[in-house]
Every structure is written in C-alpha cells, then in structure tokens.
Amino acid sequence: MKRLKKYAPLALILTSFLNSNAQQSFPMNKETEQKINHLLEKMTIEEKVGQMNQYNGFWDVTGPAPEGGSAEKKYEHLRKGWVGSMLTVRGVDQVRAVQKIAVEETRLGIPLIIGFDVIHGYKTLSPIPLAEAASWDLEAIKNSASIAAAEASASGINWTFGPMVDISRDARWGRVMEGAGEDPFLGSKIAEARVKGFQGEDLTATNTIAACAKHFAAYGFAEAGKEYNTADIGTSTLHNIVLPPFKAAVNAGVKTLMNSFNELNGVPVTGSSYLQRDLLKGAWGFNGFVISDWASINEMISWGHAKDKREAARIAAIAGSDMDMEGYVYVEELAQLVKDGVVDEKIIDDAVSRILRVKFELGLFDDPYKYCDEAREKETIGNPKHHEGVLDMAKKSIVLLKNENNLLPLKKEGQKIALIGALANDKNSPLGSWRIAADNNTAISVLEGMQQYTGNDLIFEKGPDCFIGNSTFLDEVIINNSDKTGLDEAVNAAKKADVVVLVLGEHGFQTGEGRSRTDLELPALQQELLEAVYKANKQVVLVLNNGRPLAINWADQNIPAIVEAWQLGTQTGHAVAQVLYGDYNPSGKLPMTFPRNVGQVPIYYNYKNTGRPTNKDNNVFWSHYSDVEKTPLYPFGFGLSYTTFEYSDLKLNGTAFKIGDDIKVSVSLKNTGTRDGKEVVQLYIRDLFASVTRPVKELKAFELVELKAGETKTIHFTLNKENLGFYNNNGTFIVEPGDFKLFVGGSSVTALETDFELN
Ligand code: BGC
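Counting of residues starts from 1 at the beginning of each chain's written sequence and follows it residue by residue. The predicted origin of the model limits local features to residues at a pLDDT of at least 70 and limits the giving and counting of side-chain atom pairs to 80 or more, whereas totals for whole chains, interfaces and linings rest on all residues. Excluded from the side-chain calculations are hydrogens and water; all other atoms, namely the structure's heavy atoms, are used.

Mind showing me how you'd approach the overall build of the protein chain here?
Numbering of helices and strands runs from the N terminus, with a helix taken as a DSSP run of H or I at least four residues long and a strand as a DSSP run of E at least two residues long. Helix and strand counts for the protein chain come out as 23 helices and 28 strands. Taken over C-alpha atoms, the radius of gyration is set against a globule rule of 2.2 Å times the number of residues to the power 0.38. Against the compact-globule benchmark of 27 Å for 759 residues, the protein chain has a radius of gyration of 26 Å, which places it among compact chains. Residue pairs in contact within the protein chain that sit at least 24 positions apart in sequence constitute 79% of those at least 6 positions apart. Surface exposure of the protein chain reaches about 28200 Å², of which carbon and sulfur atoms provide 48%. A distance of 2 Å separates the average location of the 80 positive side-chain charges in the protein chain from that of its 96 negative side-chain charges. The criterion used for residue contact is that any of the two residues' heavy atoms lie within 4.5 Å. Computed with the Shrake-Rupley method and a 1.4 Å probe, the accessible areas treat only the protein chains shown as cover for residues. Residues scored as charged are limited to Lys and Arg (positive) and Asp and Glu (negative), so that His and the chain ends carry no count. Just so you know, the charge point we use is NZ for Lys, CZ for Arg, CG for Asp and CD for Glu.

And the structure:
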C-alpha cells in the first residue's frame, strides 16, 4: 500500500512532462531530434543509462570516493558504453584517450561530453567570480568567461560546471567566492553574461563550451552558512531571490544545470520534482539536461530521503536529475528499475535525449576529437592576450573602500614605501579557490607588481607567517596564531617608511567549497600586525585579499586607505599596483554587504522593513541588535573612486503610470573631481505596500558610466512591468497597483529619490 502510494506521482509527472507544450529554452533542430530518436531506438537500456552516468577522471576527487570507484571498473564501463561523460579529465592527450574508448571501442560509438570546473579561468586565471561581480562590467565578465572557454576547450574540455549563480546573503558560506553576491538582479545579469561568454555565439566552434548554471537551487541559503546544510526558505525568497539568476541563465540558452547538495524545505533538491520537472523543464521550457552534484543522488540516503541506492535512483530519475555525477547509483540501479517497471523507460529516454541533444549541439557527433588539437592547445593556453584580458578584469574588480586625505594614489617618486604582509609576496593564494588546472604559485604577487614601479624606495617585510604549509584544494588551511617571528621587523620597516602598504586577508583556500567560517575577522596574527604597524606609522594603505566579505571594523575606524583586492588571479600584482599608483582609477562596487561583525550576518541591502524599523519611541522595542549599529560596515553597491561624482536632476516622465507603461527615468551625473573615472549608476525601487511585503530597496537597473574630469552626462533608464512586479506566494509573477519610491545613486545608500504611482 505504502509503495503504491509512493509511485502514484509518477503517472502525474509523466503526463505533465510528456504533454508539456512550454516554449523550449533553445531552438530544437528537427534533424537532430530525428538522429536522437534513431539512436534511442538502437540503444539497450544499459546503454541509455550509461549516457546518464558520469565518472570522475582518476585524480582530483572533490568528495568522498564511493566504494567500487576503481579505475579498472571505470575503464570497463567506458568500453561497454556505460559512461556518457567524464569530468576532470584534461589535456588533449588524456581527453583523446578516453574519447577514443567511447567512440572506437563501444558498440554505438557515442562520444563523451567532457566536463570540468572552469570557474574563473583555466590556466590563466581571472579574479574569483565574486570579485568579477564587483566590476558590474558585464562585457568584461563575458570576456573573462570566453577566455576561460578558449583555454579549457583547447585542453579538450567542452563543458564547464559554471557559472555558479547561487545568491547568498551569508558571508560565512565559503562558496560566496564562486558567485555574484547577494542580489538577484545583478546576479541575473552576470549569469547571462557568463553563459554567453562560455557558450559564445556558436557552440559548435572549437573555442566555446557548454555552460552549467549551478546549484539548483537554494544552496546559497544553507542554514547559518554551513556547508552542505539544509535550506529552509519560503516561496517568496525562493521565487524572488534564489530562482531569478537560474531563469536568466535558461533564457540566455544555458545548456545544462547542476542540482545541489542541500535540501530545500525537507526535500533534497536532487530529488525535487517541483524544481526540476515542474519549474525548470515545465514552466521554463528548459530542454538541456540536469546533472547531479558530486554523488548528490547517493547522498539522499544520508539525508534520510531514500532508503538505499535503488530508491535514490528512482527518486532522482523521476524528479528530473538526468545525469549522475560520480555517484554509481544510476549505473548500478536504473536499468533494473526500468526492467522491474518501477521507472518508466520514457523518463530514461527523455533524460538521454537531453544529453544527446547537447552532444549534438556541441558538434561532438560530427567530430568527437574536435577539441583535441595539440597545436591549438600549445598556442592557446597561457596566450599573452589572455593575460591582458584577465589583467583588465582584475583591475575592474578592485573596490576602493576608504581613501582619507587622498592617501591614494601613491606618489610615483621620492617615497619610501614599506610593503608588509605574508600575502604580499604570495604567488599562490591570490589564485583563489577552484583553479584545478592552474599551476601553483603562478600569480604575479603584489610585491612583483609594486616592483614594476621603480621611482620609489620599496622595502618588503613579510611579518609573521599567517598560513602554514602549502595548503591544497583538499586540505584545511593551517593558521598561525602564535609564532610572531617577523612582527618586529615589520614594525621597524613601517617606522622608516613614508607610506606602508599592508596586504592582509584570507588565504585563497579559506574560501570555496567546504570552507565555511564562523569568524569574519582577519585570520591569523594579522589584526595584531595591523595594529602594531599602524602604531608605528599612521600612513597605512590596507590591501585586502579575500574571497568573502570580512568584518574589518577596526581597520575602517583607523586605517586611512582600504582597497578591496579580493583574489584577483594570475595578474593580481599588476592589477593592485596599477590601482595603488593611480594608473587605473578604481570603479568596483561591492556585490555583497560587508558586516560590522559576524553576528549581523545574514545582512543584505534588500531586507524587509519589519513592523518596527526605527527607534522613534526612544526605547529598546525596535528591530535591531543592542550591541551594534543597524547599518552594515559597507553597503551593497558601495565603492569609491579617485575622482568624485555628483548626482542631480532625477526625473521621471510622469508621476502616475498604468501597469504596462514604460517609466522613463533620467538623472544627471557629474564628475566633480580632477581625474577621469567610471561610476556605476544604480537604480532601486521600493514598492511601498504590497500583498506580499517588498524589500526596502530592490536594484532594478544599473549602468557603468565613464566620465572625463568635469564632464556631465545624462543617464537614461526605462522600467517596465517586469521591473515592478514580484512573485507571490504561489510562485506567480504579479504586478500590483500602488505607491512606489525610486532611488538613484552610487550605492544602495542612494543619493536621490522620487515617488510614483502605478494604477
Ligand atoms: C561541487 C560542484 C562541482 C563538482 C565537480 C562538487 O563538489 O559542489 O560545484 O562542479 O564538485 O567538481
């Protein structure tokens, strides 16, 4: 009885997906569909399931290796045609070797799709994705993804597990470094730019690769920022905050999605029919395929959702997880489930069609070795043009957080500069997390970057070692909290200098997967070093290297100049030096709110007002913490420049509009300083009264504007009903009449505001 009840939804699911007339996310080619059907007719059930099976290469395991995962077994399965994809196989010779087995030794010769985590570059590394998001420069971000695609594809790879489009409000979560920050609008624009950058105009070209929007969904809302944790969120947050970037990726033509390790409201998302069938493949018309996260189908057993592998396979397949990443569940269970009549073969056919479709789209059936060209590999990887591209991206990603008395830019001559901090001559940490293909110690360090400027007297002192040993992708970073060797030398160097440049922050492997933290202050002995150096010399420029917002309250109160330089990849040192010396005027803006302390987290700009937003009655009964200001340290969208900007003349083309009217907004922006510069003009709205309460501000448009010193420009925006509505608690998008506020400025703490009415 219990079993029958459990199978009941299958009929429903089948009818809903097979009858789905939803618009397709990318155009389907009739000829291709015929070829797919033709192939399906020839395939045994084991071969079909094989297409749904992905194995890791024989190194770089990112999770627990499941039992039985021996290389011998993988080879055997490859030869039988029981493997549809490999991940983390890289390099033309390696890829050719596995592809050759699939194409030349299996019965049907179906090529493999070769996946890899190309997260912020392949060998030549761009800044970490969170840093790139700080540029708000969609063209630069797209270009960065296309450089990554060019290098990865030259190495035999044709599919990246990126972009990660998870919105997160929790700096404790290590994976915030992989995403675009806290905002669904900015996140959607960046998702689109990255998908287009990876996939290019022509997916059959040899320098483009299929993208994968991950992790579907709500992984960024893992409770308390703890890795692999539950996410328990309501429909309003799900539809208005979490899902928009995924939808944007689908609309941009992304070929694949990856689900995730978390559960959402009690259901591991790998087994969520609602997300994968109803929404993604139903309402959104997605016709690519969904891959599980690493063994996430298997992990439904630990979650307590599936009793064993057989049940996990059944749940995941029915729910719409098309490919099993290194989980050994489909390959072991799915064929039998079909033979037993538990899983309808139509579900398998649907999954396999989706996988084959992407393989056809990549042109793998025409030439399975198209990405395997040694000459191209040699010429493309590390190409000087790529270095120029990632340097450009790195400069654009830097955010100037503080610059009292114009301490920056540094004078180019006649100065004694003390460069201090173990991270300043580190060539590994600035590469950031998630850079499996890049060689260790290949970043230009800040020291090397500064040494390019020879007009000053530059002294380097490391100070205490912060991070002990050469941490790797798999290891916990070891922090030095006790050995102060080097502290005195650093202080002495500071005493003798005109200006101190102090490089502090996190190790590149303190963020990323498995790197959640409960402390957001400067780790190791760095706070002590900072205070000691400041005591010796007040002219301190603090350069931060980090992969998440940090709580740097003391620094903000005391240090005159602070530069957020994240982990900027291969060209880190050149980018930092060019900004410090003023050869590049910074224009980055924070894509995530910086808290005053960890207790404020989650803290984000688009919060709800609450019933008691202020202490107007002068007593304690209002929404706040009693031991810290309500505001963040640095708000979302914030960032300074070496010049200054003035906003004026905010105008709308009316005060009352009908739903469906275009609202035209104009604002005047003047560069009031003495340098040319760029400003990200940001437009926010607030829907004052709604059936489902709306945030105090929502970003709805932005533009990166370049202005010469003294120049004024008028910036125009148009808002339409898509910008003014929201998803209600049934997940339906609605636009309600009512009163709105509109704000424009250079951060989420905006300069100008006006009102309008929607009827
Ligand atoms: C991560 C994914 C990644 C996969 C393959 C997992 O642990 O969550 O984001 O793509 O490993 O490396």
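What is the right way to read the site of the ligand from this model?
Near residues are defined by distance, with any heavy atom within 4 Å of the molecule or strand qualifying the residue. Close to the ligand lie 14 residues; Asp117, Arg175, His215, Asp293 and Glu513 are nearest. Arginine 175 is positioned with one of its side-chain polar atoms (N or O) 2.7 Å from an oxygen atom of the ligand. Polar contact is the term for a pair of N or O atoms within 3.5 Å; when the atoms are in protein, one must be able to donate a hydrogen and the other to accept it, and sequence-neighboring residues count only if both atoms are side-chain atoms. Within the side chain of glutamate 513, an N or O atom sits 2.8 Å from an oxygen atom of the ligand. Bound to the protein, the ligand loses 99% of the 310 Å² it would expose on its own. Broken down by class, the residue content of the shell around the ligand amounts to 7 nonpolar, 2 polar and 5 charged. Side-chain classes are defined by residue name, with Ala, Val, Leu, Ile, Met, Phe, Trp, Tyr, Cys and Pro counting as nonpolar, Asp, Glu, Lys and Arg as charged, and the others, Gly among them, as polar.

Please clarify how the pairing of strand β13 (residues 457-461) should be interpreted in this entry.
Along any regular strand the residues' side chains alternate between the sheet's two faces. Here the rule is simple: two strands pair whenever DSSP picks up at least two bridges between them. Across 5 bridges, the pairing between strand β12 (residues 416-420) and β13 is parallel. If you follow leucine 419 over to β13, its bridge partner there is phenylalanine 460. Call a crossover right-handed when, viewed with both strands pointing away from you, the route from the first strand across the helix to the second goes clockwise. Chirality of the crossover, the property in question, places the unit of β12, helix α18 (residues 446-451) and β13 among those that are right-handed.

Is there a simple way to think about the nonpolar core in this case?
Across soluble globular proteins, you tend to see nonpolar side chains buried next to one another. To form a nonpolar core, buried Ala, Val, Leu, Ile, Met, Phe, Trp, Tyr and Cys residues must be joined to one another through side-chain atoms within 4.5 Å. Whether a residue is buried, partly exposed or exposed follows from its accessible area with a 1.4 Å probe, protein chains only, as a fraction of its type maximum: under 20%, in between, or over 50%, in that order. Core analysis: the largest hydrophobic core is formed by 190 residues, its most contacted members being Tyr330, Leu410, Met450, Val501, Val541 and Leu580. Per-element accounting of this core gives the leading share, 9 residues, to helix α15 (residues 345-362). If we ignore the near neighbours within four places in the chain, the residues touching valine 501 are Leu410, Ile417, Ala418, Leu419, Ile420, Met450, Val541, Val543 and Leu580. Core analysis: the second largest hydrophobic core is formed by 24 residues, Phe657, Leu742, Phe756 and Leu758 among them.

Looking at this structure, how should I read the sheet that holds strand β24 (residues 712-719)?
Strands in a sheet are paired, the pairing made by backbone hydrogen bonds, and the direction either parallel or antiparallel. As summarised here, the arrangement of the 3 strands in space is β19-β21-β24, forming an open sheet in which the pairing is antiparallel. If you trace the sheet from one side to the other, it starts and ends with β19 (645-652) and β24, each paired once. Looking at each pair of strands side by side, their axes are set apart by 20 degrees on average, direction ignored. The sheet contact formed by β19 and strand β21 (residues 663-671) spans 6 bridges and is antiparallel. Each bridged residue has a counterpart across the sheet, and for glutamate 646 the counterpart in β21 is lysine 670. Inter-axis angles, ranging from 0 to 180 degrees, are taken between N-to-C directions of lines fitted to C-alpha atoms, where helices are fitted over the stretch in contact.

Explain the side chain of glutamine 276 here, please?
Along the chain, the position of glutamine 276 falls in helix α11 (residues 273-283). You can call glutamine 276 buried: its relative accessible area is 0%. Within polar-contact distance, the side chain of glutamine 276 engages the side chain of serine 321 at 3.1 Å. Excluding residues that lie within four positions of it along the chain, glutamine 276 makes contacts with Phe216, Asn259, Val269, Thr270, Gly271, Lys281, Val290, Ala319, Gly320 and Ser321.

I would appreciate a short explanation of the domain arrangement of the protein chain in the present structure.
Bring the parts together and some accessible area is lost; that lost area is often taken as the interface size. Domain start and stop points were drawn from an automatic or database domain assignment. Each domain of the protein chain was delimited in the assignment, giving domain 1 (389-593) and domain 2 (645-758). Here the C-alpha centroids of domain 1 and domain 2 sit 35 Å apart. Residue-level contacts link 7 residues of domain 1 with 8 residues of domain 2. In short, buried area is how much 1.4 Å probe accessible area vanishes from two parts on joining, totalled over both. Contact with domain 2 buries area across many residues of domain 1, yet Asn585, Ser587 and Lys589 alone supply 74% of it, more than any other trio. Think of a salt bridge as a Lys or Arg side-chain nitrogen and an Asp or Glu carboxyl oxygen that are within 4 Å of each other. For the pair domain 1 and domain 2, the number of links is 1 salt bridge. One salt bridge in this structure joins glutamate 679 and lysine 589, with 2.9 Å as the shortest N-O distance. At the surface where domain 1 touches domain 2, the tally comes to 5 residue pairs in polar contact (both at pLDDT 80 or more). When its residues are assigned to classes, the side of domain 1 that touches domain 2 shows 2 nonpolar, 3 polar and 2 charged.

Which parts of the structure should I look at to understand helix α22 (residues 572-580)?
Spacing of three or four residues puts side chains on the same side of an α-helix, whose turn is 3.6 residues. Burial analysis of α22 places 8 of its 9 residues in the buried class, the great majority of the element. Thr572, Gly573, Ala575, Val576, Ala577, Gln578, Val579 and Leu580 are the residues of α22 that are buried. Among the structural elements, α17 (384-397), α18, β16 (499-505), β17 (540-545) and β18 (561-564) are those in contact with the buried residues of α22.

Looking at this structure, I do not really get the packing of aromatic side chains. What am I missing?
How two aromatic rings sit relative to each other is set out by the distance from centre to centre and by the angle between their planes. Pairing of aromatic rings covers Phe, Tyr and the six-membered ring of Trp, with a centre-to-centre limit of 6.5 Å; geometry is then stacked below 30 degrees between planes, edge-to-face above 60, and tilted otherwise. Counted under the stated rule, the structure contains 25 aromatic pairs. Between tyrosine 534 and tryptophan 554 the ring centres are 5.6 Å apart and the planes differ by 90 degrees, which places this aromatic pair in the edge-to-face class. In this pair, tyrosine 534 is assigned in helix α20 (residues 526-536) and tryptophan 554 in helix α21 (residues 553-558), connecting sequence segments 20 residues apart. Summarising the aromatic geometry, the rings of phenylalanine 657 and phenylalanine 756 are spaced 5.9 Å apart at their centres and angled 80 degrees between planes, so their arrangement reads as edge-to-face. With phenylalanine 657 in strand β20 (residues 656-657) and phenylalanine 756 in strand β28 (residues 752-758), the pair connects residues that are 99 residues apart, well separated along the chain. A single burial state applies to phenylalanine 657 and to phenylalanine 756, both of which are buried. Members of the aromatic cluster, each reached through a chain of ring pairs, are Trp136, Phe185, Tyr605, Phe636, Tyr684 and Phe702. Only when the NZ of Lys or the CZ of Arg is both within 6 Å of the ring centre and within 35 degrees of the ring normal is a charge said to sit over the ring. Looking at lysine 80, its charged tip hangs above the ring of tryptophan 82, at a distance of 4.3 Å from the centre. The ring of tryptophan 434 carries lysine 214 above its face, with NZ or CZ at 5.5 Å from the centroid.

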